[in-house]
Amino acid sequence: MTEKIQLPPARYEYGGDEFVFVELDQAMSLEANFAGMAVTNALREEAIDGVVDICPSNASYMVQVDPDRLDPRELVEELRRLESTVGTLPDDYVLKTRVVDVPVLFNDPWTHETLMRFRDRHQDPDATDLEYAARINGFDSVQGVIDAMTSAPWIVTMLGFVPGLPFCYQLVPRDRQIQVPKYVRPRTDTPERTFGFGGAFAVVYPVRGAGGYQMFGMAPAPVFDLSQSLPDFADDISFPNANDVLRYRAIDMAEFEATRAEVENGTFRYRIREVEFEPAGLLADPDAVNRELLEVLYR
Amino acid sequence: MSELLVRAGGLYTTVQDTGRFGYYHMGMPPSGAMDVYSAVVANMLVGNPDGAGVLEGTYVGPTLEFTDDRVVAVTGADVPVTVNDEPVEPWTAIRVGSGDVLSFAMIRAGCRAYVAVSGGIDVPVYLGSRSTYTLTGIGGHQGRKLVDDETLPLGSGDGSARPGAVVPEELRPELAGPAELRTVIGLCSYRLTEDALASFLGTDWKVTKDADRVGYRLRGGKLDFTDREQPFGAGSDPANVVDLGYPVGSIQVPGGDEPIVLLNDAVTGGGYATIGTVISVDRDRIAQTKTGDAVRFTSVDLDTALAARRDRRERIERVRREITR
Amino acid sequence: MTTIKAQMPGVFYRRPAPEKPAYVDDGDKISEGQTIALIEVMKTFNEVKAGESGTVAEFLVEDGDEVDVGQDIVRLGEV
């Protein structure tokens, strides 16, 4: 079993008078993300007047305040208190979230067409993005890296870059994380719903636009819907939330087209299950907890 | 007819209010008037609630024709304003009627002019705000800047406007440069060397041509990062950190040479080290600096930032007393 | 002296694209509303139009120069 990462003391910083920024670690780890999640979830439940928004991030988090109603210094005191209780992730700390099936067509024709147009901006112009990722991560084949990305689920650590874009970190120890650099120079185009990868993070691009992440495939279902026409978007324009556990599942073209048809006629719904798990347990035995999470999802 | 005719859209005119809040966590910035003080005071002059929809014009203002009796006020940048080609006073509630045309000449100082009309610019409220966020095309008037020859819906005023009301000179913002931007240094400022941080605060930075509602890119110096082995997940560039949230007003230095101050329409997070945050009150000030102008950053603590905010509130309340007297 | 002034700050360009010829040259006759240059600001290129008819006597700024709002960019001569 890999050794548990010890977090340094959290750093509390004022982002001017309207934001408090808390850095849990300079390095990315599940430990740092879980600690931030525990504190931000607890803060959300307290529903403190003057907290405008709570923004979890990868190894940090940020709270937006209305300083006319809440002194940022008082907020920091409360955050320190939460850090010393739930932020240490006691063994019995339970995270309530949801686990979601997210289908992805890897090696799809659309991102393939796009990546071929931008080969001159890539580290390895003679390979596809997936071939490159497989090679530099020590896999014998593209299938090997796809299997690694789809076998264990991911946690949404942060939304941003553009509205609704989920950053996802795989629920596996650091030595099993897949890592790829961003493009040498960013592309001017990325298709909507591209499954991308940069650093140790997987993303689904909510909308078409510029991008620097490697392009591995395409999701048939949206993560962002300004028209809020699909049932999963009834309450929010963005589907994923921080803390969501997403299982990226490789699908074939037939399922891709069938799912697209459901999206088009407005009937598509994500497969979602409510779930509880202990972050401390996951850190101790990720494979066992991941098996349970997938078991709940496909039960 | 309760509408306003846009004869000319100007360079970049959008509908804004005091912003859209509660969506930062999903990556949506607040948008809203860049110079909040001027927008709120414009609303006050025409008897609107502080957060009513106003027009924010940039550099070249719009040309507007009224279709019924209204009270209008122009605040913000120093720019000659006319009604039917006759000069009118800025920071003043002006009575207009059907067929009257409000136009702008060339800006003398500042960058953004605000136009409030009694009843407010009554575009649909989207996610709690009338503010335009053009990058995603939401809010405001069809999610975009105004174009020539179109109409905007106006709400109905409550009759509380007081034509002739004037904001006294001393309650109008200072527009002469260089702009002093009070900044709470911190966040990831540890990434800069001590010399670089001193140089950041000691430099007169020049606003580049790309400065817009997303952010202000500045030029004028070079800032060095401390050497370190990059942490896991941070990326290889010394300016990179593990992706994190960016406060509105925060400053980053992607290449070490061009600091960027992130503003109302900016990305909410990313992988560049942030080194401090311009205090909320001084976002009004940077909003009134234009391409080519100089800005400098002064380091302040949170107390100063909060005091400045209280001071702005008091100024707003003084304006309210002055114009309802 | 009659001049055309920059209505906005930014970077001044005399041609629509680097490989294209200049909109107008010294000595050219121009008519009101004619595009004579571009100013790049806020990530967009904005056409500079002549406010009145005349002859281009002289460009007062170079291609690629930064201009400020209100700055004279062209001196006009008699038609």
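Residues numbered from 1 in each chain as written. Chains lettered and ligands numbered in written order. Predicted model: local features only at pLDDT ≥ 70, side-chain atom pairs only at ≥ 80, totals over all residues. Heavy atoms only, no water.

Asker: I'm lost on the interface of chain B and chain C in this one. Help?
Answerer: Frequently, the measure chosen for interface size is the accessible area removed from exposure when the parts meet. Taken together, the 16 residues of chain B in the interface contact 16 residues of chain C. A combined buried area of about 1400 Å² lies between chain B and chain C, and 67% of that area is made up of carbon and sulfur atoms. Among the residues of chain B in contact with chain C, Leu11(B), Met106(B) and Lys209(B) are the three that bury the most area, contributing 40% of the side total. Between chain B and chain C we count five salt bridges in total. The partner of Glu40(C) in a salt bridge is Lys209(B), with the nearest N and O atoms 3.4 Å apart. Here the side of chain B that touches chain C is built from residues that sort into eight nonpolar, two polar and six charged. (Contact = heavy atoms within 4.5 Å. Buried area = accessible area lost by both parts, 1.4 Å probe. Salt bridge = Lys/Arg side-chain N within 4 Å of Asp/Glu carboxyl O. Nonpolar A, V, L, I, M, F, W, Y, C, P; charged D, E, K, R; others polar.)

Asker: I tried to follow the nonpolar core on my own but got confused; where do I start?
Answerer: The tendency in soluble globular proteins is for nonpolar side chains to be buried as a group. By size, the foremost hydrophobic cluster in this structure holds 71 residues, and its most contacted members are Tyr216(B), Val261(B), Phe297(B), Ile4(C), Ile36(C) and Ile73(C). When residues of this core are assigned to their parent elements, the largest contribution, seven residues, is made by helix 1 (residues 36-45) of chain B. Here this core spans two domains, and each of domain 1 (3-174) and domain 2 (179-307) of chain B adds at least three residues to it. Counting 55 residues, the second largest nonpolar core, distinct from the first, contains Tyr12(A), Leu89(A), Leu282(A) and Leu297(A). (Core = buried A, V, L, I, M, F, W, Y, C linked by side-chain atoms within 4.5 Å. Buried < 20%, exposed > 50% of the residue type's maximum accessible area, 1.4 Å probe, protein only. Helix = DSSP H or I, 4+ residues; strand = E, 2+ residues; numbered from the N terminus. Domains from an automatic or database assignment.)

Asker: Would you explain the domain arrangement of chain B in this entry?
Answerer: All names here are of chain B. As assigned here, chain B comprises domain 1 (3-174) and domain 2 (179-307). Here domain 1 and domain 2 have C-alpha centroids that lie 29 Å from each other. Listed per partner, the contact involves 28 residues of domain 1 and 21 residues of domain 2. Linking domain 1 with domain 2 are one salt bridge, by the criterion used here. Ionic pairing is found between Glu 56 and Arg 213, a salt bridge with its closest N-O pair at 2.8 Å. With four residues, strand 10 (residues 109-117) is the single largest residue contributor to the side of domain 1 that touches domain 2. Residue classes in the side of domain 1 that touches domain 2 are distributed as 15 nonpolar, nine polar and four charged.

Asker: Sorry, what's going on with the interface of chain B and chain A here?
Answerer: Facing 44 residues of chain B, the contacting portion of chain A comprises 48 residues. A combined buried area of about 3700 Å² lies between chain B and chain A, and 61% of that area is made up of carbon and sulfur atoms. One can count seven salt bridges joining chain B with chain A. One salt bridge in this structure joins Asp68(A) and Arg313(B), with 3.2 Å as the shortest N-O distance. Where chain B touches chain A, the interface holds 18 residue pairs in polar contact (both at pLDDT 80 or more). Every element with two or more residues in the side of chain B that touches chain A is listed here: strand 12 (179-185), strand 15 (240-245), strand 18 (269-272), helix 3 (280-287) and helix 4 (302-324) of chain B. Looking at the side of chain B that touches chain A residue by residue, the class counts come to 26 nonpolar, 12 polar and six charged. (Polar contact = N/O pair within 3.5 Å; in protein donor to acceptor, adjacent residues only side chain to side chain.)

Asker: Looking at this model, I keep getting lost on the sheet that holds strand 4 (residues 60-65) of chain A. Mind explaining?
Answerer: In a beta sheet, neighbouring strands pair by backbone hydrogen bonds and run either parallel or antiparallel. All names here are of chain A. If you trace the four strands from one edge of the open sheet to the other, you get 1-2-4-3, paired in antiparallel fashion. Edge positions in the sheet fall to strand 1 (11-15) and strand 3 (51-56), since each has one partner strand and no second. Adjacent strand axes in the sheet meet at a mean angle of 15° when their direction is disregarded. Where strand 1 and strand 2 (residues 19-23) come together, five bridges link them in antiparallel fashion. Its bridge partner being in strand 2, Tyr 14 is matched across the sheet by Val 20. (Pairing = 2+ DSSP bridges. Axes fitted to C-alpha atoms, helices over the stretch in contact; angles between N-to-C directions.)

Asker: I tried to follow the sheet that holds strand 1 (residues 2-5) of chain C on my own but got confused; where do I start?
Answerer: Residue and element names in this part refer to chain C. Taken in spatial order, the four strands line up as 1-8-6-3 in an open sheet, and their pairing is antiparallel. Only two strands of the sheet have a single partner each, and these edge strands are strand 1 and strand 3 (29-30). One ladder, built from two bridges, connects strand 3 with strand 6 (residues 54-59); its direction is antiparallel. Paired with Lys 29 across the two strands is Thr 55, which belongs to strand 6.

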